[in-house]
Amino acid sequence: MLQSVIDVIATADYMVALTGAGISKESNVPTFRGEDGLWRNYDAMELATPDAFRRDPSLVWEWYAWRQGLIANCNPNPAHLTLVKWEQEGILKSLITQNVDGLHIRAGSTIVYEVHGDLWALKCVSCDYKGRLDVPAEGIPPCPKCDNNLRPDVVWFGESLDRDTISNVYQELEKADVCLVIGTSSFVQPAASFPLIVKQSGGLIIEVNIERTPLTSAVDYHLSGKAGEILPQLDLLLS
Ligand code: BV8
Ligand code: ZN
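**Section: the overall build of the protein chain**
Along the protein chain, the regular secondary structure elements total 9 helices and 9 strands. Whereas a compact globule of 239 residues would reach a radius of gyration of roughly 18 Å, the protein chain reaches 18 Å, a difference of no more than 12%. C-alpha atoms of the protein chain, sized along the principal axes, occupy 55 × 30 × 30 Å. Residues classed as buried in the protein chain amount to 51% of the 239 residues present. Roughly 11,300 Å² of accessible area belongs to the protein chain as shown, and the carbon and sulfur atoms make up 51% of that amount.

Have a look at this one:
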């Protein structure tokens with residue numbers, strides 16, 4: 001099976017990757033739904049919403065500041081680095097990530113679509129101010145333009161994804177003949193349906209995950225194991 005995956009990757013015209021929290025697990029970034037997905041017994045789903053922020057902005061900011069502190073000490077792992085190498089070798093044409101940890105960009109990937117935003121990015125709840133933190137937030141950052149609350153510039157549940165990013169992503173998916181799906185529970189929409197767009201136009205799906213997911217029954221190849229081990233292994237066999 002590994003050999004046929006190698007052949008698919010080696011002969012792909014336009015391979016794109018879709019990644020989730022699992023690709024950052026070996027960088028010690030907690031995943032969303034695994035055993036480490038909880039914070040002070042809150043479920044991420046309860047906190048990553050506009051209602052939670054309206055109700056208790058300081059609690060939500062405490063959660064984001066905690067994650068920023070965590071991620072500031074995390075580094076890209078061999079899975080991120082393999083995708084950088086494949087972009088440089090022209091094997092990987094673009095990278096669509098649900099992660100907000102910024103590790104793909106820190107690893108050196110340049111064609112990256114962060115469909116759920118960026119943990120360090122800020123936007124104002126009322127004016128058009130946008131900014132960035134380079135250290136974890138302390139309390140609720142105030143808007144320098146209008147003094148209202150700043151919020152993390154990420155996509156919360158119930159919020160739509162950025163229009164331009166999404167139209168670029170759909171263009172990539174239409175061009176793709178192979179979709180490499182790495183470390184996602186394929187649960188959150190609309191990202192979970194991205195690989196199916198590639199399949200619908202006759203493309204192939206390769207899934208790398210430590211467990212089966214709702215996508216597994218639709219994939220052409222399911223490689224079971226850790227992304228940080230499987231991706232470098234595939235790269236070795238490719239060269
Ligand atoms: C929207 C940013 C509508 C915040 C996140 C049907 C259609 C459309 C929408 C919906 C729908 N049904 C329900 C919805 C609503 C909702 C949704 O999908 N709910 C789910 C729970 C059912 N979707 C939305 O609200 C989206 N918005 O659709 O808007 C709309 C349309 C028009 C106008 C207005 C509104 C917005 C969703 C974005 C939410 N934001 N994050 C933040 O991060 O703080 S999502 C969050 O989950 C993260 O981004 C995360 O990346 C993402 C997905 O999770 P995963 O990345 O998959 O991580 P997870 O922990 O779940 O899984 C880890 C996987 O890795 C596991 O499979 C594990 O086995 C594997 N793994 C672990 N270790 C390893 C490994 N694999 C390999 N190696 C390892 N070592
Ligand atoms: Zn403002």
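Still more ground to cover, so stick around.
**Focus on the environment of Ala 192**
Take Ala 192: it is sitting in the loop between strand 7 (178-182) and helix 8 (194-200). Given the relative accessible area of 9%, Ala 192 is considered buried. Sequence separation between Ala 192 and Arg 40 is 152 residues, and the spatial gap between their C-alpha atoms is 27 Å. Residues contacting Ala 192, with those up to four places away along its chain left out, are Ser 186, Phe 187 and Leu 215.

**Quick look at the sheet that holds strand 5 (residues 130-132)**
Whenever strands of a sheet pair, they do so through backbone hydrogen bonds, lying parallel or antiparallel. Ordered by their spatial adjacency, 3 strands build an open sheet running 5-4-6, and the pairing between neighbours is antiparallel. Sheet topology places strand 5 and strand 6 (150-154) at the edges, where each strand pairs with a single neighbour. Put simply, the sheet's adjacent strands are angled 40° from each other on average, direction ignored. The pairing of strand 4 (residues 117-124) with strand 6 spans 4 bridges and is classified as antiparallel. Across the sheet, residue Gly 117 finds its bridge partner in strand 6, namely Val 154. Relative to strand 4, helix 4 (residues 57-72) is tilted by about 140°, and along the sheet it contacts strand 4 and strand 6.

**A short note on the domain arrangement of the protein chain**
Per the domain assignment, the segments of the protein chain are domain 1 (2-28 + 75-116 + 161-238) and domain 2 (30-73 + 117-154). The straight-line distance from the C-alpha centre of domain 1 to that of domain 2 is 26 Å. Taken together, the 15 residues of domain 1 in the interface contact 13 residues of domain 2. Where domain 1 touches domain 2, the interface holds 2 residue pairs in polar contact (both at pLDDT 80 or more). Broken down by class, the residue content of the side of domain 1 that touches domain 2 amounts to 5 nonpolar, 6 polar and 4 charged.

**A word on the site of ligand 1**
Glu 26, Arg 33, Tyr 64, Gly 158 and Ser 185 are the nearest of the 36 residues found near ligand 1. Here an oxygen atom of ligand 1 and a side-chain polar atom of Tyr 64 are 2.6 Å apart. Separating an oxygen atom of ligand 1 from a side-chain N or O atom of Ser 185 is a distance of 2.6 Å. For ligand 1, whose free accessible area comes to 1,500 Å², the fraction covered by protein is 77%. Per-class residue counts for the shell around ligand 1 are 15 nonpolar, 14 polar and 7 charged.

**Structural notes on the sheet that holds strand 8 (residues 204-209)**
Taken in spatial order, the 6 strands of this open sheet run 3-2-1-7-8-9, and their pairing is parallel. Each having just a single partner strand, strand 3 (112-114) and strand 9 (221-224) make up the two edges of the open sheet. Averaged over neighbouring strand pairs, the angle between their axes works out to 15° when direction is ignored. Across 3 bridges, the pairing between strand 2 (residues 92-97) and strand 3 is parallel. Across the sheet, residue Thr 97 finds its bridge partner in strand 3, namely Glu 114. Sitting on the sheet, helix 1 (residues 2-11) touches strand 1 (15-19), strand 7, strand 8 and strand 9, and the angle it makes with strand 9 is about 120°.

Each value, and the rule that gives it
- Residues numbered from 1 in each chain as written.
- Chains lettered and ligands numbered in written order.
- Predicted model: local features only at pLDDT ≥ 70, side-chain atom pairs only at ≥ 80, totals over all residues.
- Heavy atoms only, no water.
- Helix = DSSP H or I, 4+ residues; strand = E, 2+ residues; numbered from the N terminus.
- Rg over C-alpha atoms; globule rule 2.2 N^0.38 Å.
- Buried < 20%, exposed > 50% of the residue type's maximum accessible area, 1.4 Å probe, protein only.
- Areas by Shrake-Rupley, 256 points an atom, 1.4 Å probe, with all protein chains shown as cover.
- Contact = heavy atoms within 4.5 Å.
- Pairing = 2+ DSSP bridges.
- Axes fitted to C-alpha atoms, helices over the stretch in contact; angles between N-to-C directions.
- Domains from an automatic or database assignment.
- Polar contact = N/O pair within 3.5 Å; in protein donor to acceptor, adjacent residues only side chain to side chain.
- Nonpolar A, V, L, I, M, F, W, Y, C, P; charged D, E, K, R; others polar.
- Near = heavy atom within 4 Å.

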